[in-house]
Amino acid sequence: MPRLPRRASPWLLALALALTGCAGRSRLGGVNLEQGSERQELSTLAIAQKGAAAVGVLSTDVGRGLAFVVDPDGYLLTNRHVVEDADYIDNLTFPALQPARRFASVRIVYIDPLRDLALIKVEVDEPLPYLPLATGSPRPIHSYLHHDDDVLLLTRVAEDSPEEQDGRGNGSKPGFVARTGKVRELEVFNQAVGPGTFFGLTQNVKRGMSGGPVLDRHGRAVGVVSWTWKHRIGGYAIPIAEATQMLAERPLLATSAQQATRASDRAHSFVDAVHGGRLEIARRMLSPTYARKIRSYTMRTIAEQMPGEGKLPVQQFVAALEDVVLSQPSGAEKLPFDAVQDVVLRTGTTSFMRALGVDGVLSKEQVISFFFEFAQAYVSARFFADIEADAAMDVALARLQTVDAARTFAFAEVAQRLSTGDDIAVEKVDMIPGEYAPQAVVHLRVTGKPGQEAAASTPAPRQQLIMQLRLEWGDWYIAELQSVGLETPVAG
């Protein structure tokens, strides 16, 4: 019997289309994407008009950013930092459409835990203008973008006007301005922003441009505008293949079975990360709602001491950080993190906590977490951005308000119950349906390390913990840990 030809997989078909430069459609993470063709170059005006129609202005309680449509059913890409630290999204407006369209209800579908990317959704009654992507699958950046390629960015007219730049405007001017430039660098790394590579642009990236598309000469989105370095010309963007990778990794939680499987996987992953000492991975799995709650309590407790005697130890702490910054030789390129860490660790001593007025109220881990986040932001601002001390204080205080910093506070709380040396086991995962969102309850058995003074034959105590998981931002996140029992085995 003759052998029938094997059917090519959808992924291979998509790859074949990409390699031939043809347009094609793919579906990743529940989002329909179009891969644009390289066969036709567009004029600058055509690229700007096409891009502006698909770009929306995202307004939150903490600022504005951009987002662009990748699926006409209402899916948009933006930066994580545009939406992550906001308590609410006020609206999404498309100022270039005639008439302009405004959506008051914007849903955060997924936030990438590592990359500075997010997927948002609006409900539409008719398709939105959208942008094709340079690739519909994860691919190396050099397969669709090259050094010195022409690229175009969009900035809001409001942010481009002189009155906005000097603070006299109100951000109400509609429309966009196109800025042409070139790709300056293909591989730039900045762990402070996220893992992976970024690419550099000759255009300056200004406040309010975050989350917007980088467009090539074919009118395709090749990147997502992300960040800039103070006192450096140009800006930086995330390759669009990183966005397709995010969509490919996004968990689909449409059914109860999918939710239960993902909850169990997340619980085991968190336990493995803690047990294996991969604390940064574990920290990023903490619930943003829970993290904000812990941060609020910690900051309020410390702030209550500032009008009184607690002000002096804080002033001494900042002075010690200044000594670290000023002691660096001229032209130094590396931040002295070891020296900063030594200063931070002193805040966990009994004498410092007593002087601050929080001894017995906050744990050592919570206090160290607060000053760690403050110190990292303050010293980085002074060292890299070379800004004045007062402005660096503002940067540090702003850092404390971020979800990323809040997770450090929350992990300090978790670390009081779990340590990397404990034997942690997931016994079972219970799903609890909810009217608005389901919850998962994970039963943990933790066998702690025996103390050094204990005899080797003394069994370690076993603790029963309940770990709650909350469904947020398109995935399960670890909420809080609760002790339900402690058992000390009897030596046999």
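Thresholds, definitions, all that
- Residues numbered from 1 in each chain as written.
- Predicted model: local features only at pLDDT ≥ 70, side-chain atom pairs only at ≥ 80, totals over all residues.
- Heavy atoms only, no water.
- Helix = DSSP H or I, 4+ residues; strand = E, 2+ residues; numbered from the N terminus.
- Buried < 20%, exposed > 50% of the residue type's maximum accessible area, 1.4 Å probe, protein only.
- Contact = heavy atoms within 4.5 Å.
- Pairing = 2+ DSSP bridges.
- Axes fitted to C-alpha atoms, helices over the stretch in contact; angles between N-to-C directions.
- Salt bridge = Lys/Arg side-chain N within 4 Å of Asp/Glu carboxyl O.
- pLDDT = per-residue confidence, 0-100.
- Polar contact = N/O pair within 3.5 Å; in protein donor to acceptor, adjacent residues only side chain to side chain.
- Patch = residues over 30% accessible without salt bridge, like charges linked within 9 Å, V, L, I, M, F, W, Y side chains within 5 Å.
- Areas by Shrake-Rupley, 256 points an atom, 1.4 Å probe, with all protein chains shown as cover.
- Lys, Arg positive; Asp, Glu negative; His and termini not counted.
- Charge placed at Lys NZ, Arg CZ, Asp CG, Glu CD.
- Core = buried A, V, L, I, M, F, W, Y, C linked by side-chain atoms within 4.5 Å.
- Parallel < 35°, antiparallel > 145°, perpendicular 65-115°, else oblique.
- Left-handed = near helix turned anticlockwise from the far one by under 90°.
- Nonpolar A, V, L, I, M, F, W, Y, C, P; charged D, E, K, R; others polar.
- Phe/Tyr/Trp six-rings, centres within 6.5 Å; stacked < 30°, edge-to-face > 60°.
- Lys NZ or Arg CZ within 6 Å of the ring centre and 35° of its normal.

It is not clear to me how the overall build of the chain should be interpreted in this structure. Could you clarify?
Along the chain, the regular secondary structure elements total 15 helices and 19 strands. Considering the chain as a whole, with its 492 residues, one finds that 49% of them fall into the buried category. Considering only intrachain contacts with a sequence separation of at least 6, the fraction spanning at least 24 residues in the chain is 65%.

Teacher, can you tell me more about unusual backbone geometry here?
A negative phi angle is the norm for most residues apart from glycine, just as the trans form is the norm for most peptide bonds. A cis amide bond links Gln98 with the next residue in sequence, Pro99, at an omega value of 0°. Tracing the chain through its elements places Pro99 in the loop between β6 (89-94) and β7 (101-103). Of note, the phi angle at Asp148 is positive, near 75°, even though the residue is not glycine. Take Asp148: it is sitting in the loop between β9 (118-121) and β10 (150-156). Asp148 gets classed as partly exposed once you look at its relative accessible area, which sits at 44%. Even without being a glycine, Trp473 presents a positive backbone phi close to 55°. Following the sequence through the fold, Trp473 ends up in the loop between β18 (462-472) and β19 (475-487). Looking at Trp473, the relative accessible area reads 14%, which means it is buried.

I keep staring at the sheet that holds strand β8 (residues 107-111) and nothing clicks. Help me out?
Within a sheet, neighbouring strands are paired by backbone hydrogen bonds and run either parallel or antiparallel to one another. In spatial order, the strands read β7-β6-β3-β4-β5-β9-β8; together these seven strands make up an open sheet with antiparallel pairing. Edge positions in the open sheet fall to β7 and β8, since each of these has one partner strand only. Neighbouring strand axes in the sheet, compared pairwise and without regard to direction, differ in orientation by 30° on average. Here strand β3 (residues 55-60) runs beside β6; their pairing, made up of four bridges, is antiparallel.

Teacher, can you tell me more about the pattern of salt bridges here?
If the charged atoms of two oppositely charged side chains come close together, the side chains can form a pair. Going through the model one piece at a time under the given rule, you end up with 26 salt bridges. The residue Glu41 makes a salt bridge to Arg217 at a minimum N-O spacing of 3.1 Å. Of this pair, Glu41 sits in the loop between β2 (31-35) and α2 (44-54) while Arg217 sits in the loop between β13 (213-215) and β14 (221-227), placing them 176 residues apart in sequence. Under the relative-accessibility criterion, Glu41 is labelled exposed at 53%. Of the charged contacts, one joins Arg407 and Glu84 as a salt bridge, the two residues approaching to 4.0 Å between their closest N and O atoms. On the criterion of sequence distance, the pair formed by Arg407 in helix α15 (residues 403-415) and Glu84 in the loop between α3 (80-83) and β6 is long-range, its members being 323 residues apart. Classification of Arg407 by relative accessible area gives buried; the value is 4%.

When you look at the confidence of the model for the chain in this model, what are you seeing that I'm missing?
Regions with low pLDDT should not have their predicted coordinates read in detail. Summary statistics for the chain give a mean pLDDT of 85 and a share of 86% for residues scoring 70 or more. Note on residues 163-172: pLDDT under 50 across the span, and 17 contacts to partners over four residues away in sequence or across chains.

When you look at the environment of Thr228 in this model, what are you seeing that I'm missing?
Relative to the elements of secondary structure, Thr228 occurs in the loop between β14 and β15 (235-239). A relative accessible area of 37% places Thr228 in the partly exposed class. In the structure, Thr228 is positioned 23 residues away from Val205 in sequence and 6.1 Å away in space, judged by C-alpha atoms. Polar side-chain contacts of Thr228 include one of 3.1 Å to the backbone oxygen of Gly234.

Mind showing me how you'd approach a negative patch on the surface here?
A grouping of Asp386, Glu388, Asp390 and Asp394 is seen on the molecular surface, where their side chains present a negatively charged patch. Within the secondary structure, Asp386 sits in the loop between α13 (364-383) and α14 (389-400).

I would appreciate a short explanation of the side chain of Arg283 in the present structure.
Within the secondary structure layout, Arg283 lies in helix α8 (residues 279-283). At a separation of 2.6 Å, a polar atom in the side chain of Arg283 contacts the main-chain carbonyl oxygen of Asp404. A polar contact of 3.2 Å, which involves the side chain of Arg283, links it to the side chain of Thr408.

When you look at the nonpolar core in this model, what are you seeing that I'm missing?
A general trend in soluble globular proteins is that nonpolar side chains are found buried together. Counting residues in hydrophobic clusters, the biggest one holds 64 residues, and the most contacted among them are Phe270, Phe317, Leu321, Leu418, Leu444 and Met467. Per element, the largest residue contribution to this core is 11 residues, and it comes from α13. Excluding its chain neighbours within four sequence positions, the residues that come into contact with Leu321 are Val340, Val343, Phe374, Ala375, Tyr378 and Val379. Within the second largest apolar cluster, 52 residues are counted, among which are Leu77, Leu119, Ile141 and Phe198.

I tried to follow the packing of helix α10 (residues 311-326) against α13 on my own but got confused; where do I start?
Working note: a packed helix pair is described by the angle between its axes plus the distance between those axes. Relative to each other, α10 and α13 sit at 40°, their axes nearing to 10 Å. The pairing of α10 with α13 is recorded here as oblique in orientation. As for how α10 packs across α13, the hand of that crossing is right-handed. In this structure, α10 uses Val314, Phe317, Val318, Leu321, Glu322, Val325 and Leu326 to contact α13, whose residues at the interface are Phe371, Phe374, Ala375, Tyr378, Val379 and Arg382. For the contact of α10 with α13, the per-class residue count stands at 11 nonpolar, no polar and two charged.

Would you mind showing me how to read the packing of aromatic side chains here?
Following the criterion strictly, the structure yields 10 aromatic pairs and no others. With centroids separated by 5.4 Å and ring planes inclined at 90°, the aromatic side chains of Phe352 and Phe371 adopt a geometry described as edge-to-face. Remark: Phe371 occurs in helix α13 and Phe352 occurs in helix α12 (residues 350-356); sequence separation between them is 19 residues. For the residue pair Phe352 and Phe371, the accessibility class agrees, reading buried in each case. Here the aromatic cluster, defined as three or more aromatic residues joined through ring pairs, consists of Phe317, Phe352, Phe370, Phe371, Phe374, Tyr378 and Phe409. Lying across the ring of Tyr75, Lys121 places its NZ or CZ 5.2 Å from the centre. The positively charged end of Arg266 is found above the aromatic ring belonging to Tyr477, 5.2 Å away from the centroid.

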